[in-house]
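Fold and contact review
Each chain, written out:
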Amino acid sequence: METESLNRKIKESLEHFEYLPDMQPSGTWNETLNHRLRASPRKHKTRPLLVLAIVSLVVINGGVVLKTLLPGSTASSQDSQKLELIAENILFNPDSANN
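These figures come from a predicted structure and were not determined experimentally.

1. Observations concerning the overall build of the chain
Summing up its helical and strand segments, the chain has five helices and zero strands in all. When the helices and strands of the chain are placed in sequence order, the string is α-α-α-α-α. By the burial criterion, 0% of the 99 residues in the chain qualify as buried. Carbon together with sulfur atoms contributes 62% to the accessible area of the chain, which is approximately 10400 Å² in total.

Right, dumping it as structure tokens:
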């Protein structure tokens, strides 16, 4: 019996709530709210170590990208020329071995 009366009261309250008139806040209420929001201290939750870690990762990634995109350095081209010279003088060329 109690659940039926409770359900009836809930339905009546919901019907009463549905027929409430629209309410708008007053101008002073909006001004007070905006004043409180502007006056409240801003709290930043960024940690300096996290920012430093992110910046360092970005710099490292940027360096890797630049190294791969830029043409090879002169040292690596000199090394490849030396290896070609060694290959020509010391190693056997399979095409010339057949002659």
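2. Brief notes about a nonpolar patch on the surface
On the surface, Leu6, Ile10 and Leu14 cluster together into a nonpolar patch covering about 280 Å² of accessible area. Relative to the helices and strands, Ile10 resides in helix α1 (residues 2-18).

3. Examining helix α3 (residues 48-69)
Side chains that are three or four residues apart share a direction in an α-helix, a result of its 3.6 residues per turn. Relative to the 32 Å expected for 22 residues at 1.5 Å per residue, α3 spans 31 Å between its end C-alpha atoms, a close match to the ideal helical length. Counting buried residues along α3, only zero of its 22 residues qualify, which leaves the element largely exposed.

Thresholds, definitions, all that
- Residues numbered from 1 in each chain as written.
- Predicted model: local features only at pLDDT ≥ 70, side-chain atom pairs only at ≥ 80, totals over all residues.
- Heavy atoms only, no water.
- Helix = DSSP H or I, 4+ residues; strand = E, 2+ residues; numbered from the N terminus.
- Buried < 20%, exposed > 50% of the residue type's maximum accessible area, 1.4 Å probe, protein only.
- Areas by Shrake-Rupley, 256 points an atom, 1.4 Å probe, with all protein chains shown as cover.
- Patch = residues over 30% accessible without salt bridge, like charges linked within 9 Å, V, L, I, M, F, W, Y side chains within 5 Å.
- Salt bridge = Lys/Arg side-chain N within 4 Å of Asp/Glu carboxyl O.
- Expected span 1.5 Å × (residues − 1).

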